[in-house]
Amino acid sequence: MSVAALLCVVRIATPAAERKCVEPTISAGSVATEQQLSSTGLKVVSFNMAREERLDRILRDLGKAQDLAGADVWLLQEAVERPPSTRTIADLAHSLNLNYVFATSDFFDGGKLAYGLAVLSRHPILEPRVIPLRRHNVKFNHRCRIALEVQIPGPTGPVRFYNVHLDTRITLKERIAQITPVLEQASSLSGPSVVAGDLNTADVRWVWNVLPIPFAQNHHDRIQDTFRDRGFASPLDGNRPTIDVLKLPLPLRLDWIFPRGFNPVSAGVTTVEFSDHNAVWVRLDLPDGQD
């Protein structure tokens, strides 16, 4: 069968019904934590949790990841809970003595599994807000994409953090369009901001959102350029891949942290055993004159 014929068969056979999105909901919890970011030693972690529900496993594997110890802000994708019986994110925040916000964007397992984005912080989390992102019919495994914006008190005003998780099987043009509302909001601010998450920047061209053509489209570099053009730094340049696919050494860098208005000090990629993604982290200082 020719390639064109195969594509036609796949396109016709693939379900096209779109998943209905629920109205995003936000839950939050607070503990007695530090009141304000300092100008030194701010560590930010972004991590796709791969829908892990078991708190004991999460704590065990995070405990082994020493590079993540002492993080000030965690931005988590594919965070899940089964309320009211299992409150994984709430319990994780309590175990780490952190404040948290959890924004639910989807439900799975017959409505029993709440799925979405979370932010954990040792500092107060202010004014959490959901930003709806452009929807794409990716033929199967639809997701309702959102960004979660929060503010954390800084020495001269709020620092804004944007947690994002973009679609997988979309074109570069669609990927840039999906992140644009977040970029426009974050880059319009006078104060410092951080955009982080799973941006799914595999260098693949997707045909009809189904068939991949590896290395036919450069998402990785173009997304970095798009952020740099808006004044963001890219401190994770040159680090190792952020996802392990069948333990193969593929150059897949899907997870990013882009700060603006900070001085990046160091950055890295750290394995966390329960997820197929690696955690990414950066250490940031506020520029001189802002502390």
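Now for a quick tour of the structure. (Residues numbered from 1 in each chain as written. Predicted model: local features only at pLDDT ≥ 70, side-chain atom pairs only at ≥ 80, totals over all residues. Heavy atoms only, no water.)

**Looking at the pairing of strand 10 (residues 204-207)**
Where a strand is regular, its side chains alternate between the two sheet faces. Direction of pairing for strand 10 relative to strand 11 (residues 211-214): antiparallel, over a ladder of four bridges. Across the sheet, residue valine 204 finds its bridge partner in strand 11, namely proline 214. (Pairing = 2+ DSSP bridges. Helix = DSSP H or I, 4+ residues; strand = E, 2+ residues; numbered from the N terminus.)

**Some details on the packing of helix 4 (residues 172-187) against helix 5 (residues 219-229)**
Helix 5 packs onto helix 4 with a crossing angle of 30 degrees between their chain directions and a minimal axis gap of 11 Å. Accordingly, the angle class assigned to the pair helix 4 and helix 5 is roughly parallel. When you trace helix 4 past helix 5, the crossing you get is right-handed. Contact residues: Leu172, Arg175, Ile176, Ile179 and Leu183 in helix 4; His219, Arg222, Ile223, Thr226 and Phe227 in helix 5. Here the residues of the contact of helix 4 with helix 5 sort into six nonpolar, two polar and two charged. (Axes fitted to C-alpha atoms, helices over the stretch in contact; angles between N-to-C directions. Parallel < 35°, antiparallel > 145°, perpendicular 65-115°, else oblique. Left-handed = near helix turned anticlockwise from the far one by under 90°. Contact = heavy atoms within 4.5 Å. Nonpolar A, V, L, I, M, F, W, Y, C, P; charged D, E, K, R; others polar.)

**So, unusual backbone geometry**
Each neighbour pair has its own omega, and for proline 83 with proline 84 the value is 0 degrees, a cis peptide bond. By secondary structure assignment, the location of proline 84 is in the loop between strand 3 (73-81) and helix 3 (88-96). Phi is positive for asparagine 97, close to 60 degrees, though the residue is something other than glycine. With respect to the element layout, asparagine 97 can be found in the loop between helix 3 and strand 4 (99-108). On the basis of relative accessible area, asparagine 97 is assigned to the partly exposed category, the value being 43%. Phi is positive for glutamate 127, which is not a glycine, with a value near 50 degrees. Within the secondary structure, glutamate 127 is located in strand 6 (residues 126-132). (Buried < 20%, exposed > 50% of the residue type's maximum accessible area, 1.4 Å probe, protein only.)

**Overview of the side chain of arginine 175**
Here arginine 175 shows up in helix 4. Aspartate 198 provides the closest opposite charge to the buried, unpaired arginine 175, separated from it by 7.1 Å. Within the local environment of arginine 175, its side chain forms a polar contact with the backbone oxygen of aspartate 167, the two atoms lying 2.6 Å apart. Those residues within four positions of arginine 175 in sequence are excluded, and the remaining contacts are Leu166, Asp167, Thr168, Ile170, Leu199, Asn200, Thr201, His219 and Ile223. (Lys, Arg positive; Asp, Glu negative; His and termini not counted. Salt bridge = Lys/Arg side-chain N within 4 Å of Asp/Glu carboxyl O. Polar contact = N/O pair within 3.5 Å; in protein donor to acceptor, adjacent residues only side chain to side chain.)

**As for the nonpolar core**
Grouped together as the largest cluster of nonpolar side chains are 47 residues, with contacts concentrated most on Val44, Phe161, Val182, Val195, Leu199, Phe227 and Ile257. Ignoring sequence-local partners within four residues, the contact set of isoleucine 257 consists of Val44, Val45, Ser46, Val194, Val195, Ala196, Ala233, Pro235, Leu236, Val280, Trp281 and Val282. (Core = buried A, V, L, I, M, F, W, Y, C linked by side-chain atoms within 4.5 Å.)

**A short note on the sheet that holds strand 12 (residues 255-260)**
In spatial order, the strands read 6-7-8-9-12; together these five strands make up an open sheet with mixed pairing. Each of the sheet's edge strands pairs with one partner strand only, and the pair in question is strand 6 and strand 12. Each strand axis lies, on average, 15 degrees off the axis of its neighbour in the sheet, ignoring direction. One ladder, built from six bridges, connects strand 9 (residues 193-198) with strand 12; its direction is antiparallel. Residue valine 195 lies in a different strand from strand 12, and its bridge partner there is phenylalanine 258. Helix 5 contacts strand 9 and strand 12 of the sheet and is inclined by roughly 15 degrees relative to strand 12.

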